[in-house]
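# Geometric and topological summary
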Amino acid sequence: MSLTALSPSAWLRGPRRPSWLSDPKVLRTEVLGGLVVALALIPEAISFSIIAGVDPAVGLFASFTMAVTIAFVGGRRAMISAATGAVALVIAPLNREHGFGYLVAAVILAGVLQIVLGALGVAKLMRFVPRSVMVGFVNSLAILIFMAQVPELVDVPWPVYPLFAAGLALLVLFPKVTTAVPAPLVSIVVLTVLTVGAGIAVPTVGDKGELPSSLPVPGLPDVPFTLDTLTTIAPYALAMALVGLMESLMTAKLVDEITDTHSSKTRESVGQGIANIVTGFFGGMGGCAMIGQTMINVRVSGARTRLSTFLSGAFLMVLCVAFGPIVSDIPMAALVAVMVMVSFATFDWHSVAPKTLRRMPAGEITVMVITVGCVVATHNLAVGVVVGSVTAMVVFARRVAHLAEVTAVTDPDGGTVVYRVTGELFFASSNDLVGRFAYATDPDRVVVDLSAAHIWDASSVAALDAIETKYAQRGKSVEIVGLNEPSARIHRTLSGELTGGH
């Protein structure tokens, strides 16, 4: 909007005040939500640092800068961005083979690519992701969150199990008493006080790695600024940019549905790029939207504004730098209980109910199962979305291909036959079209009526050209009638041009 377009009353009102400034209840929800997410981010960021082969501080710094930056430039309010496993998996080989400086350079380049892709409208591709893939994405996410917690419950001291059970009980029962304070925060505090006070020896956050004692400082990546460096990091940066955008846009779409609000996917794409550039210059490992922590923030804590996103990053650094010794004493059992509850809340149980499965088309179920299977097998949400979407397109093409029907009616005098074609003509349905005509026995005049059909692509035009050619070889004439305007335009443009003429 231009400045001149604002009315005097709009100038007097000024920018709209955030809801958390005028509503203490909203402010409390956002602050506590950000605190819970920050606590949950710490062990996750450390784990992802280990996957990437870098110091734990690198993952924690990335989570801090990603969350704080995306709070201002992102397109989806209340969504959490930080260091993620998907990005760690993509970037780990580069760090292993060329060193940390190249990793940081790749993160910065990935951010630039995300800005470019966002500006080019890559977010619009989300409209081609069908619901069955989205359901599979959500369910596979829930499974991955649960699977990530299993190692924390295997070969551990026996007190972990009652602590874990107590954490689940608090998460289920405390909201029945009050929702003023998030149940995850209560569970974490109670179990920490219990283990520290009673001297119970169980795995803690501190066992995951050493927390940083100072804030990150900006700097340039320690690499030679040459074409050789660019060609080395470019493949990894492109892979990171695509994976990060896919996970972020899918997460934004999921939050849109949960909150019944709209978000700007283009702004989110560009925002992810800006956040990764900032993260790279601060020596972080890069990241994207974190679905598990976003579910904690949006679904469990009830946060809805950018404040919770900003505070999740700010609290993360405060907890690490100022309260490191206290945070290190948090038992992993408490955080595992929170994440297990998140996984159960995230899973779309309605999608696997027997009543739903009986009514769902087999193709839709197949797409959902393939999406889940690919994600669980590869631990990469982007792979599942791509494979699931391609499968859905194939299923759709097969389904629509059978909708093209051809019926023939011969005039009483026997001099003309009219073929009426009904349905959508594209590469899958038009391939069988040529074989539906009786070239040898038909009379000399043939009319192909397409008034109930639609031509979508060059394959269909080529099929019609082939039909005309086969009749012409037998000295028979063909007249194509009934084309709607879009079909007539594509037929007029391409007919006779695809095979060098009749």
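For the structure itself, look to the data block above.
As a starting point, this report considers the structure included with it. What you see is a predicted model; the values in this text were computed from it and never measured. (Residues numbered from 1 in each chain as written. Predicted model: local features only at pLDDT ≥ 70, side-chain atom pairs only at ≥ 80, totals over all residues. Heavy atoms only, no water.)

### As for the overall build of the chain
Our working definition: Elements are defined by DSSP. Helices are runs of H or I of four residues or more, strands are runs of E of two residues or more, and each kind is numbered from the N terminus. Each residue gets one of three labels from its accessible area relative to the maximum for its type: buried under 20%, exposed over 50%, partly exposed in between, using a 1.4 Å probe on protein chains only. Whether two residues are in contact is decided by their heavy atoms, any of which lying within 4.5 Å being enough.
A count of helical and extended segments in the chain gives 21 helices and six strands. Counting only C-alpha atoms and orienting by the principal axes, one finds that the chain spans roughly 100 × 60 × 55 Å. Per-residue burial over the chain gives 50% buried out of 502 residues. Within the chain, contacts between residues separated by at least 24 positions form 84% of all contacts whose residues are at least 6 apart in sequence.

### Some thoughts on the packing of aromatic side chains
Note the following rule: Note on aromatic pairs: the rings of Phe, Tyr and Trp (six-membered ring only in Trp) are paired at centre separations within 6.5 Å, and the planes decide the class, stacked below 30 degrees, edge-to-face beyond 60, tilted for the rest.
This structure, assessed with the given rule, holds nine aromatic pairs. For the ring pair Phe347 and Trp349, a centre distance of 4.5 Å and an interplane angle of 45° mean the geometry is tilted. Geometrically, the ring pair formed by Phe426 and Phe427 is edge-to-face, given 5.1 Å between the ring centres and 85° between the ring planes. Note on Phe426: relative accessible area 10%, which makes it buried. By relative accessible area, Phe427 is classed as partly exposed at 47%. Here the aromatic residues Phe146, Phe344, Phe347 and Trp349 are joined through ring pairs into a cluster of three or more.

### What about the environment of Phe427?
Its place among the elements puts Phe427 in helix 19 (residues 427-430). C-alpha of Phe427 to C-alpha of Gly287: the two residues are 140 residues apart in sequence and 40 Å apart in space. Residues in contact with Phe427, not counting those within four places in the same chain, are Asp457 and Ser459.

### Considerations on empty space enclosed by the protein
Condition: The method works on a 1 Å grid over the protein atoms by themselves. A cavity is a set of points holding a 1.4 Å probe that cannot get out, a pocket is an open set with protein on both sides within 12 Å along at least five of seven lines, and residues with an atom within 4 Å of a point line them. Grid points are joined across faces, edges and corners, and a volume is the space filled by probe spheres set on the points. Under the grouping applied here, Gly and all other residues not named as nonpolar or charged are polar, the nonpolar ones being Ala, Val, Leu, Ile, Met, Phe, Trp, Tyr, Cys and Pro and the charged ones Asp, Glu, Lys and Arg.
Under the definition given, this model contains one cavity of 30 Å³ or more. For the largest cavity, the calculated volume is near 50 Å³. What lines the largest cavity is simply Ile70, Ala71, Gly74, Arg76, Arg77, Ala78, Met79, Glu268, Arg306 and Thr309. Elements with a minimum of two residues in the lining of the largest cavity: helix 4 (56-73) and helix 13 (306-321). By residue class, the composition of the lining of the largest cavity is four nonpolar, two polar and four charged.

### Observations regarding the nonpolar core
Definition in use: Side-chain atoms within 4.5 Å are what join buried Ala, Val, Leu, Ile, Met, Phe, Trp, Tyr and Cys residues into a set we call a nonpolar core.
By size, the foremost hydrophobic cluster in this structure holds 103 residues, and its most contacted members are Ile42, Leu60, Met285, Ile296 and Leu316. No other element matches the twelve residues that helix 3 (residues 24-52) contributes to this core. Within the second largest apolar cluster, 21 residues are counted, among which are Tyr439, Val446, Leu450 and Ala463.

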